[in-house]
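# Remarks on the overall topology
So the chains spell out like this:
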2 protein chains.
Amino acid sequence: MSDLRKCFSGKDALITGGLGFIGSNLARALAALDARVTIVDSLIPAYGGNMFNIHGIEDRVTVNISDVRDRSSMNYLVRGRDFIFNLAGQVSHIDSLIDPFTDLEINCRSQLSILEACRWNNPGAKLLFAGTRGQYGKTLGTPVTEEHLMRPTDVNGINKIAGEWYHILYNNIYGIRACSLRLTNTYGPRHHMRTSRQGYLNWFIRLAMDDQVIPIYGDGAQLRDFNFVGDVVQAMLMAMASDETYGQVYNIGGGQPVSVARTAEKVVAVCGSGRIERREFPPEKKKIEIGDYVADFTKFREITGWTPKITLEEGLGLTVDYYRANRERYWSRGDGSDS
Amino acid sequence: MSDLRKCFSGKDALITGGLGFIGSNLARALAALDARVTIVDSLIPAYGGNMFNIHGIEDRVTVNISDVRDRSSMNYLVRGRDFIFNLAGQVSHIDSLIDPFTDLEINCRSQLSILEACRWNNPGAKLLFAGTRGQYGKTLGTPVTEEHLMRPTDVNGINKIAGEWYHILYNNIYGIRACSLRLTNTYGPRHHMRTSRQGYLNWFIRLAMDDQVIPIYGDGAQLRDFNFVGDVVQAMLMAMASDETYGQVYNIGGGQPVSVARTAEKVVAVCGSGRIERREFPPEKKKIEIGDYVADFTKFREITGWTPKITLEEGLGLTVDYYRANRERYWSRGDGSDS
């Protein structure tokens, strides 16, 4: 951790999507490392931003409410930053099919805007892009390395490929240092808990905490690879701190693949409430189901030394503890926007 | 050819970019097969559209001047079509770096618009997308199959990946039959001849016909794979006529890879004029240079039986004959827009 402190202490870090799930956990880690943190977030009600996510560090971060689609704001906001963690995104697979243009504007066009803003106003910045396993689509076998073909099953996966490759391209031709971490299912505290649209493990946790039914579609045997958010934040910091990561894309993963059904059982066990029911696969979900996903993160481990530290059991415990203590901040927003 | 006549005769075909190079050659072939052809073209001065390209078939095609970025027009224009050849595009690699947002609007967002238009207004249409070898970027070895990693070296290649994958996705989840041909260097009659920005072999031909210097950057040893436009048109017709191509991406190629330097020598020999000079690689071109490119088109040949028929020598002869007869229609537009 001392290396990370040396890297980030006193440095200027911008986090797009910084009031969201991963962004806010990252902001807390950067603040703890004495970085000067600026958060950009649009607080779109249906997305993951929540002002409570920075509770306790409000006086150590600067919050700028803005949308990454607002090119003029981004042109200004990128200036003078040492690090730009580019996490703002539309993350729902289903929503990307219902409204593909919004997904394109946020995940594709805005990424280009941010990179153009850096090209003209801050070419010395280091950038990290949050890629996704959804870029691979239906996998041809596991574990999946970075060489696996990308054949997305939804609009989100396609736009994320474009967003990622703009970063790699601007690294390669303009020397703006950028890399991408392709994230798998990330869970943990500060995840939005009002709908099932963004990350199903946290949604399972809500259902179990509410003693509701957790629906498992089909046999639930498909494997998923989970990362506790603290491990993901650590990976992002280590990726940015290394000078060997730029121009590269990396998988990260949890090293403990678990079936969807088994995950639900673990959630019920940790919560001591909730129950599981098998259901038919809804056709719109079946079409975009990707099969097993297990990340091979050897490439990233070898270059940075990163490995995930938190087991699924530990992570679930930490997550449930957090939401038990802060339930009213996540179960509904109080404005009825999306509850 | 009788199979193609059976497939297209009396059928309604829309060609976006239909006044351009490949689009107009395709329109002529479809008209000869007695298809009802509608051409959509924006006639943007800097691009490849030219009304003279449909000289002689004006009374057999319908021309609708419109831009694929105009979602409302496309919503209407896709209706009732049996076949949509989706060829409109920004094709300049360099321009995609100078103005990446225009490239994104045309090659990425407009493709999504056209597919959404089909999804809601004509889900029974069959679509063909014009992909590009630029999607692969710098190759890791030749020949290149469709399984080769896609690592583009310019914004155009990234947006083309997205445009292509929207087609495959809409095929897979909405049943709108679509496939993509990844084209390599295409040359021949009706190519725009006013700048070097869109396809260098035709530009070499202009320089030689004008008895000018053809500049070869570096050693000119990098291999290119050329397709005469007539062979490309045939591939497009055969791809659309087969029911086994949908949901698939295919390379096409000429089967006769030639170095850039050797190509220039052939052009000079065919024209009987022009001369070659070696130059330093300009840095902005060096950065996006892809190295050798040779397509492996086995997958497409096996499914459709297509092979290229026109040798480079024959194709160069046909091309030079065409421009000798129609030089004034291509050397400048007369409006001074881009001459």
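### Brief notes about the overall build of chain A
Across its full length, chain A holds 12 helices and 13 strands. Projected onto its principal axes, the C-alpha positions of chain A cover 55 × 45 × 40 Å. Sorting the 339 residues of chain A into buried and exposed places 62% on the buried side. Excluding contacts between residues fewer than 6 apart, the proportion of contacts in chain A whose partners are at least 24 apart in sequence is 80%. Summing over all exposed atoms, chain A offers an accessible surface of approximately 12500 Å²; the carbon and sulfur share of this is 49%.

### Some remarks on the packing of helix α7 (residues 200–209) of chain B against helix α9 (residues 260–271) of chain B
Residues and elements named next belong to chain B. Running from amino to carboxyl end, α7 crosses α9 at an angle of 40°, the nearest separation of the two axes being 9 Å. Here α9 runs oblique to α7, going by the angle between their axes. In this structure, the crossing between α7 and α9 has a hand that is right-handed. In this structure, α7 contributes Tyr 200, Leu 201, Phe 204, Ile 205, Ala 208 and Met 209 to the contact, and α9 contributes Val 260, Thr 263, Ala 264, Val 267 and Cys 271. Its residues assigned to classes, the contact of α7 with α9 shows 10 nonpolar, one polar and no charged.

### Observations concerning the relation of the copies chain A and chain B
Two copies of a chain can be linked by a rotation about an axis combined with a shift along that same axis. The two copies are related by a screw operation: chain A maps onto chain B through 180° of rotation and 0.0 Å of translation along the axis, at an RMSD of 0.0 Å. Viewed as a symmetry operation, the transformation between the two copies matches a two-fold axis.

### Side note on the pairing of strand β6 (residues 178–183) of chain A
Residue and element names in this part refer to chain A. Among the six residues in β6, six count as buried, and that is most of the element. The alternating pattern of β6 places Ala 178, Ser 180 and Arg 182 on one face and Cys 179, Leu 181 and Leu 183 on the opposite face, and all of these are buried. Pairing of strand β5 (residues 126–132) with β6, which is carried by six bridges, proceeds in the parallel orientation. Its bridge partner lying in β6, Gly 131 is registered against Arg 182. The parallel pair β5 and β6, bridged by helix α6 (residues 155–174), forms a crossover whose chirality is right-handed. Of the strand pairs in this sheet, β6 and strand β11 (residues 249–251) are connected by three bridges, and their pairing is parallel. For Arg 182, the partnering residue across the bridge sits in β11 and is Asn 251.

### Quick look at helix α12 (residues 312–326) of chain B
Since the α-helix advances by 3.6 residues per turn, residues separated by three or four positions end up pointing in the same direction. If you check α12(B), its first and last C-alpha atoms are 21 Å apart, about what 15 residues at 1.5 Å a residue would give, namely 21 Å. By the burial criterion, the buried members of α12(B) are B:Leu312, B:Gly315, B:Leu316, B:Gly317, B:Thr319, B:Val320, B:Tyr322, B:Tyr323 and B:Asn326.

Reading guide: rules and limits
Residues numbered from 1 in each chain as written. Chains lettered and ligands numbered in written order. Predicted model: local features only at pLDDT ≥ 70, side-chain atom pairs only at ≥ 80, totals over all residues. Heavy atoms only, no water. Helix = DSSP H or I, 4+ residues; strand = E, 2+ residues; numbered from the N terminus. Buried < 20%, exposed > 50% of the residue type's maximum accessible area, 1.4 Å probe, protein only. Contact = heavy atoms within 4.5 Å. Areas by Shrake-Rupley, 256 points an atom, 1.4 Å probe, with all protein chains shown as cover. Axes fitted to C-alpha atoms, helices over the stretch in contact; angles between N-to-C directions. Parallel < 35°, antiparallel > 145°, perpendicular 65-115°, else oblique. Left-handed = near helix turned anticlockwise from the far one by under 90°. Nonpolar A, V, L, I, M, F, W, Y, C, P; charged D, E, K, R; others polar. Least-squares fit on C-alpha atoms with pLDDT ≥ 70 in both. Pairing = 2+ DSSP bridges. Right-handed = clockwise from strand over helix to strand, strands pointing away. Expected span 1.5 Å × (residues − 1).

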